[in-house]
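Spelled out, the chains give:
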Amino acid sequence: MDKSPSVTRTRCSICEKEGLARVASVTGIRTGQDFHIRYCADCGFAWVDNPWMDFATVYDEAYYLGKGSDPLVKYVDELESEATIRQWEWQGILQWADDMRGDKAKGQRLRWLDFGCGNGGLVRYVQKHASDRWEIEGFEEGWAAGFGREKGCAILTRDELSTRTNSYDLVTAVEVLEHTVDPRETLREVRSMLRPGGEFLYTTGNLEPYTHNIPAWRYVRPEIHVSYFEPRALARLLEQTGFEARNPGYRLGHTAIIGYKVLKGLKQRQLKPWMYLLPWPLLSRVLNARLKIFAHPMGVAR
């Protein structure tokens, strides 16, 4: 397996400032390679300057079986079982989408694209629980897409996606942006999928509480997470790519999403009775206030 980087990124992808010093080196758990992180204080963006670009290997079957660069979750198990903690994340994303939808659809189904949908777990969850409100498709490439299609998930190919421009009322990207080598290009593509006024909802880690010691942040997995954002960085990036950046505030669904994140961090995989006894509405708001989990702006297509 080729572990060497094929590029070295020295320029900030958001404000294009040059000459930024490396602030940290982190060793990959799968490759054993040292990955170097740079940080732009002008816009609040950090990135791996020597990313692992062999994507077919980065996101191979081992990755989705929990044997790759993110061993905390076995993505294949999540698609095959309704008792995994990922159910809470999907529930929260759907609640958030419904909350933002409000009554503007007037009883009609809206179109939803889950961009970077992995093996299609959220797609199948929405199809099962909200097909009266949402017509959902996913987009993914590589091993995960093939596996998801075998399980009956509606996952578009790249060619099929190219026919869907200006088609969607909602695009979600759940833990996707941190994987992108060129986040500006990714957001331009997302924007092209949305109708004017369509909404872009996403989750990604918030760099802001950790800028003083980036390597201490458990989210730093440099073989797969190559871009890290403060909210101001994403606000600027959204405005650059055809969106109006808006602060969504703490919304319906965020409690379940944070609950999932906590359980994942505790290395839990299956839902258990004791998990339902915890005061999640209080815990999630405390954690959100401390770690600013949902401080990132959402995007509304201009």
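**What to know about the overall build of the protein chain**
Link 1 in the chain: Across its full length, the protein chain carries eleven helices and eleven strands.
Link 2 in the chain: A compact globule built from 302 residues would reach a C-alpha radius of gyration of about 19 Å, and the protein chain, at 18 Å, matches this within 12%.
Link 3 in the chain: With respect to the three principal axes, the spread of C-alpha positions in the protein chain is 55 × 45 × 40 Å.
Link 4 in the chain: Relative to its full complement of 302 residues, the protein chain shows a buried share of 55%.
Link 5 in the chain: Taking all contacts inside the protein chain whose residues are at least 6 apart in sequence as the whole, residues at least 24 apart take part in 73%.
Link 6 in the chain: Charged side chains in the protein chain number 41 positive and 39 negative. The centres of these two groups are separated by 4 Å.

**Some points on unusual backbone geometry**
Link 1 in the chain: Although it is not a glycine, Glu16 sits at a positive phi angle of roughly 65°.
Link 2 in the chain: Inspection of the secondary structure assignment puts Glu16 in the segment before β1 (22–27).
Link 3 in the chain: Looking at Glu16, the relative accessible area reads 42%, which means it is partly exposed.
Link 4 in the chain: Unlike most non-glycine residues, Lys292 shows phi in positive territory, near 55°.
Link 5 in the chain: Tracing the backbone shows Lys292 in the loop between α11 (280–291) and β11 (298–301).
Link 6 in the chain: The exposure class assigned to Lys292 is partly exposed, which follows from its relative accessible area of 34%.

**Quick notes on the sheet that holds strand β9 (residues 227–229)**
Link 1 in the chain: One open sheet accounts for four strands, arranged β1-β2-β3-β9; its pairing is antiparallel. Only two strands of the sheet have a single neighbouring strand rather than two, namely β1 and β9. Here the average twist between neighbouring strands, direction ignored, is 20°.
Link 2 in the chain: In the sheet, strand β2 (residues 34–40) pairs with strand β3 (residues 45–48) via four bridges, with the strands oriented antiparallel. Across the sheet, Tyr39 pairs through a bridge with Ala46, a residue of β3.
Link 3 in the chain: This element, helix α9 (residues 231–240), spans β2, β3 and β9 of the sheet and lies at about 105° to β9.

**Some words on the environment of Tyr63**
Link 1 in the chain: Of note, Tyr63 is situated in helix α2 (residues 61–64).
Link 2 in the chain: Sequence separation between Tyr63 and Gly107 is 44 residues, and the spatial gap between their C-alpha atoms is 40 Å.
Link 3 in the chain: Each residue touching Tyr63, except ones within four places of it in the same chain, is listed here: Val58, Gly68, Ser69, Asp70, Tyr75, His179 and Ile224.

**Looking at the nonpolar core**
Link 1 in the chain: Counting 62 residues, the largest nonpolar core has Ile37, Trp112, Val126, Trp134 and Tyr228 as the members making the most contacts within it.
Link 2 in the chain: When residues no more than four places from it in sequence are discounted, the contact partners of Trp134 are Leu94, Ala97, Asp98, Arg101, Arg109, Leu110, Trp112, Val126 and Leu170.

**Some points on the confidence of the model for the protein chain**
Link 1 in the chain: Overall, the predicted model of the protein chain reaches an average pLDDT of 94, with 98% of residues at or above 70.
Link 2 in the chain: Within the model, pLDDT remains below 50 along residues 1–5, and this stretch shows eleven contacts once partners closer than five positions in the same chain are excluded.

**Focus on a nonpolar patch on the surface**
Link 1 in the chain: A surface patch of nonpolar side chains, about 380 Å² in accessible area, is lined by Trp274, Leu277, Leu278 and Leu283.
Link 2 in the chain: Assignment of secondary structure puts Leu283 in helix α11.

**Re the state of the cysteines**
Link 1 in the chain: Considering all chains together, one arrives at zero disulfides under this definition.
Link 2 in the chain: Left without a disulfide partner, Cys43 is nearest to the cysteine sulfur of Cys12, which lies 3.4 Å away.
Link 3 in the chain: Of the residues examined, Cys43 reaches a relative accessible area of 2% and is grouped as buried.

**Some words on the packing of aromatic side chains**
Link 1 in the chain: Evaluated as defined, the whole model comprises 19 aromatic pairs.
Link 2 in the chain: Aromatic pair Phe45 and Trp47: ring centres 5.4 Å apart, planes at 15°, arrangement stacked.
Link 3 in the chain: For Phe45, a relative accessible area of 0% puts it in the buried group.
Link 4 in the chain: Trp47 sits in the buried class, given a relative accessible area of 0%.
Link 5 in the chain: Ring geometry for Trp88 versus Trp280: centroids 5.6 Å apart, planes at 85°, classification edge-to-face. Of the two residues, Trp88 sits in helix α4 (residues 86–101) while Trp280 sits in helix α11, which places them 192 residues apart along the sequence. The pair formed by Trp88 and Trp280 is uniform in burial state, with each residue classed as buried.
Link 6 in the chain: The lysine or arginine in question, Arg101, covers the ring of Trp134, its NZ or CZ lying 5.3 Å from the ring centre.

**Side note on the sheet that holds strand β4 (residues 110–115)**
Link 1 in the chain: Read across the sheet, seven strands follow the order β6-β5-β4-β7-β8-β11-β10 without closing on themselves; strand pairing throughout is mixed. With partners counted over all chains shown, the strands left at the sheet margins are β6 (155–156) and β10 (243–246), one partner each.
Link 2 in the chain: One ladder, built from two bridges, connects strand β5 (residues 134–139) with β6; its direction is parallel. The residue of β6 that forms the bridge with Gly138 is Ile155.

Rules used throughout
Position labels on residues start from 1 in each chain and follow its written sequence. The predicted nature of this model means local features are confined to residues of pLDDT at least 70 and side-chain atom pairs, given and counted, to a pLDDT of 80 or more, with totals for whole chains, interfaces and linings taken over all residues. Processing note: side-chain calculations cover all non-hydrogen atoms of the structure and skip hydrogens and water entirely. Where helices and strands are cited, they refer to DSSP runs of H or I of at least four residues and of E of at least two residues respectively, numbered from the N terminus. As a reference, a globule follows 2.2 Å times the number of residues to the power 0.38, and the radius of gyration itself is taken over C-alpha atoms. Only protein chains enter the area calculation, which uses a 1.4 Å probe; residues under 20% of their type maximum are buried, those over 50% are exposed, and those in between are partly exposed. Residue contacts are defined here by distance: any two heavy atoms, one from each residue, within 4.5 Å place the two residues in contact. Charged residues are defined here as Lys and Arg on the positive side and Asp and Glu on the negative side; His and the ends of the chain fall outside this count. A charge is said to be at NZ when it belongs to Lys, at CZ for Arg, at CG for Asp and at CD for Glu. A pair of strands is treated as paired once DSSP finds two or more bridges between them. Helix axes are fitted only over the stretch in contact, all axes being lines through C-alpha atoms; the angle between N-to-C directions runs from 0 to 180 degrees. For the purposes of this section, nonpolar cores are sets of buried Ala, Val, Leu, Ile, Met, Phe, Trp, Tyr and Cys residues that join through side-chain atoms within 4.5 Å. Along the chain, pLDDT gives the predictor's confidence residue by residue, from 0 to 100. Distance thresholds for patches are 9 Å for like charges and 5 Å for nonpolar side chains (Val, Leu, Ile, Met, Phe, Trp, Tyr), applied to residues having over 30% relative accessible area and no salt bridge. Throughout, the Shrake-Rupley method with a 1.4 Å probe supplies accessible areas, and for residues the shown protein chains are the sole cover considered. For salt bridges, the criterion is a side-chain nitrogen of Lys or Arg within 4 Å of an Asp or Glu carboxyl oxygen. Note on disulfides: each one is a pair of cysteine sulfur atoms within 2.5 Å. A pair of aromatic rings is counted whenever rings of Phe, Tyr or Trp (Trp by its six-membered ring) have centres within 6.5 Å, and the orientation is called stacked for planes under 30 degrees apart, edge-to-face for over 60 and tilted otherwise. Both a distance and an angle decide whether a charge sits over a ring: NZ of Lys or CZ of Arg must be within 6 Å of the ring centre and within 35 degrees of the ring normal.

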